[in-house]
Amino acid sequence: MFQKTLHISTSPHVVRGIGTDDIMRNVVWAMAPTAGYAIWVFGLSALLMLLTATAACVLTEHLLARMSGKESTISDWSAVITGALLALTLPPGFPLWMTFLGGVVAIGLGKFAFGGLGYNVFNPALVGRAFLQAAFPVAITTWHKAFAPERFLSVTASTLTFPFTEPAAVDAFSGATPLAAFKFEHAITPAYDLALGLIPGSTGETCAVLIALGGLYLIARGMMDWRIPVSILAAVGVFSSILHLADAEAYPSPVFMWLSGGLMLGAVFMATDMVASPVTPLGVWVYGTLIGVLVVVIRIWGGLPEGVMYAILLGNAVSPHLDKLVIPRVYGTSRTYKTKAT
């Protein structure tokens, strides 16, 4: 007669073997449709920039690992993610030599300076992007229209600029992003164009629908904390709704705030960095809310049209402190006990 055996053991209880490389690889798969659509929208320039940023990050990680006497860690896919995310935050005509430099800084300063994977305080791709924003402000704010007729036959004039020289003159396809158009001209871009990426902007400001689907895939696989993007989007929605109701002429609708700029990309793929985000349940909600509020504040009252990068970096900076402030109470103890214990 068949008998079932009940095994009783102490924690931890491992139910499935998912390693870092499995998670990172799935993140790459989730980002692939967005990257592919960006290439379709902006053509060869976007493709070359994605390849350059990824190559820079992978090469830098390999060299730094070997120089420090460690085994190369490029097989964990984290450098690929950093490179792809960095490229998606840049204009499609951004010079390739600047892109490569940004990849080196993203890995070297944003990751290895803190000890490598699992120790980075800030999202490495945003560290690289912040460096490029400070070093090359003109190039990083030069935009190009989507679906240029010759996008698969030639690259934009600035893409192949020789290193350490000024980018080529702005070509006929340059234009303002929806956020810049609203901030300086109070012009609202239709939600349909924003959702499908039919707009000028960063390479990753393409299809908000595909970005959301990539996030849903990771959430379904248990590889993303859904509370982070939800709290960010909720905070942006509530705050912008209050402002819009107060003065619809001066402040955009929450739909415009959700779909414009890099909010969807940042909320789904950047703010959710497992190392740079909180681990406590309440800390996660506070973290996402803080980022969402900062995005609206910078977009409306800041000097720049976009604020997602700075909002996430500031959220990364306070993330460890949030975990300490809202540490859960140990089951069976009082709050007084928790305070004394900590």
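Residues numbered from 1 in each chain as written. Predicted model: local features only at pLDDT ≥ 70, side-chain atom pairs only at ≥ 80, totals over all residues. Heavy atoms only, no water.

J.: Explain the overall build of the chain to me, and be specific about the residues and the numbers.
T.: A count of helices and strands for the chain gives 14 helices and 0 strands. Along the chain, from the amino end to the carboxyl end, the secondary structure elements read α-α-α-α-α-α-α-α-α-α-α-α-α-α. Per-residue burial over the chain gives 48% buried out of 342 residues. (Helix = DSSP H or I, 4+ residues; strand = E, 2+ residues; numbered from the N terminus. Buried < 20%, exposed > 50% of the residue type's maximum accessible area, 1.4 Å probe, protein only.)

J.: How would you sum up the nonpolar core? Please name residues and give values.
T.: Of all hydrophobic cores here, the largest spans 65 residues; its most connected members are Met31, Leu85, Phe94, Phe269 and Ile291. For this core, the element with the highest residue contribution is helix H1 (residues 20-42), accounting for 8 residues. Here this core spans two domains, and each of domain 1 (20-175) and domain 2 (178-326) adds at least three residues to it. (Core = buried A, V, L, I, M, F, W, Y, C linked by side-chain atoms within 4.5 Å. Domains from an automatic or database assignment.)

J.: Go over helix H6 (residues 178-185), please, and point to the residues and values.
T.: Of all 8 residues that make up H6, 6 are buried, and the element is covered over most of its length. All of the buried residues in H6 are Pro178, Leu179, Ala180, Ala181, Phe182 and Lys183. Structurally, H6 contributes buried residues whose contacts are with helix H7 (191-196), helix H10 (254-259) and helix H12 (281-301). (Contact = heavy atoms within 4.5 Å.)

J.: Tell me about the pattern of salt bridges, and please be specific about residues and values.
T.: On inspection of all chains with the given rule, the structure shows 4 salt bridges. Between Asp22 and Arg25 there is a salt bridge, with the nearest N and O atoms lying 2.7 Å from each other. Of this pair, Asp22 and Arg25 both sit in helix H1, 3 residues apart, roughly one helical turn. The residue Arg227 makes a salt bridge to Asp225 at a minimum N-O spacing of 2.8 Å. (Salt bridge = Lys/Arg side-chain N within 4 Å of Asp/Glu carboxyl O.)

J.: Provide a residue-level description of the side chain of Thr161, including the pertinent values.
T.: With respect to the helices, strands and loops of the structure, Thr161 is situated in the loop between helix H5 (124-135) and H6. Among the polar contacts made by the side chain of Thr161, one reaches the main-chain carbonyl oxygen of Ser158 at a distance of 2.7 Å. (Polar contact = N/O pair within 3.5 Å; in protein donor to acceptor, adjacent residues only side chain to side chain.)

J.: Kindly report on the packing of aromatic side chains, identifying the contributing residues and their values.
T.: Going through the model one piece at a time under the given rule, you end up with 8 aromatic pairs. Aromatic pair Trp226 and Trp285: ring centres 5.7 Å apart, planes at 80°, arrangement edge-to-face. Note that Trp226 is positioned in the loop between helix H8 (208-220) and helix H9 (227-246) and Trp285 in helix H12, a separation of 59 residues in sequence. Classification of Trp226 as partly exposed rests on a relative accessible area of 43%. Grouping aromatic residues by their ring pairs yields a cluster made of Phe239, Tyr251 and Trp301. Positioned above the aromatic ring of Trp40 is the side chain of Arg151, whose terminal nitrogen or guanidinium carbon lies 5.0 Å from the ring centre. (Phe/Tyr/Trp six-rings, centres within 6.5 Å; stacked < 30°, edge-to-face > 60°. Lys NZ or Arg CZ within 6 Å of the ring centre and 35° of its normal.)

J.: Give me the lowdown on the confidence of the model for the chain, citing residues and values where you can.
T.: Predicted confidence across the chain gives a mean pLDDT of 87, with 88% of residues reaching 70 or more. Within the chain, H9 carries the highest mean pLDDT (97), whereas helix H14 (residues 335-341) carries the lowest (49). In this model, residues 337-342 is a region of pLDDT below 50 whose contacts with residues beyond four sequence positions or in other chains number 4 contacts. (pLDDT = per-residue confidence, 0-100.)

J.: Give a description of the environment of Thr203 that names residues and reports values.
T.: Structurally, Thr203 can be placed in the loop between H7 and H8. For Thr203, a relative accessible area of 0% gives the class buried. Residues Thr203 and Gly93 lie 110 residues apart in sequence; the distance between their C-alpha atoms is 9.0 Å. Beyond its immediate stretch of four places on either side in the chain, Thr203 contacts Ala38, Phe42, Ala46, Met49, Ala87, Leu88, Leu90, Pro91 and Pro92.

J.: A description of a nonpolar patch on the surface should follow, citing residues and the corresponding values.
T.: Judged by side-chain polarity, Trp226, Val230, Leu282, Trp285 and Val286 come together as a nonpolar surface patch covering roughly 440 Å² of accessible area. Considering every element that reaches the nonpolar patch, the biggest residue donor is H12, with 3 residues. Within the secondary structure, Leu282 is located in helix H12. (Patch = residues over 30% accessible without salt bridge, like charges linked within 9 Å, V, L, I, M, F, W, Y side chains within 5 Å. Areas by Shrake-Rupley, 256 points an atom, 1.4 Å probe, with all protein chains shown as cover.)

J.: Mind laying out the environment of Ala157, listing which residues take part and the relevant values?
T.: Positionally, Ala157 belongs in the loop between H5 and H6. Measuring from C-alpha to C-alpha, the distance between Ala157 and Ser45 comes to 9.6 Å, with 112 residues separating the pair along the chain.

J.: Kindly report on unusual backbone geometry, identifying the contributing residues and their values.
T.: Although it is not a glycine, Phe147 sits at a positive phi angle of roughly 60°. The backbone phi angle of His186 is positive, close to 55°, even though this residue is not glycine. For His186, the location among the structural elements is in the loop between H6 and H7.

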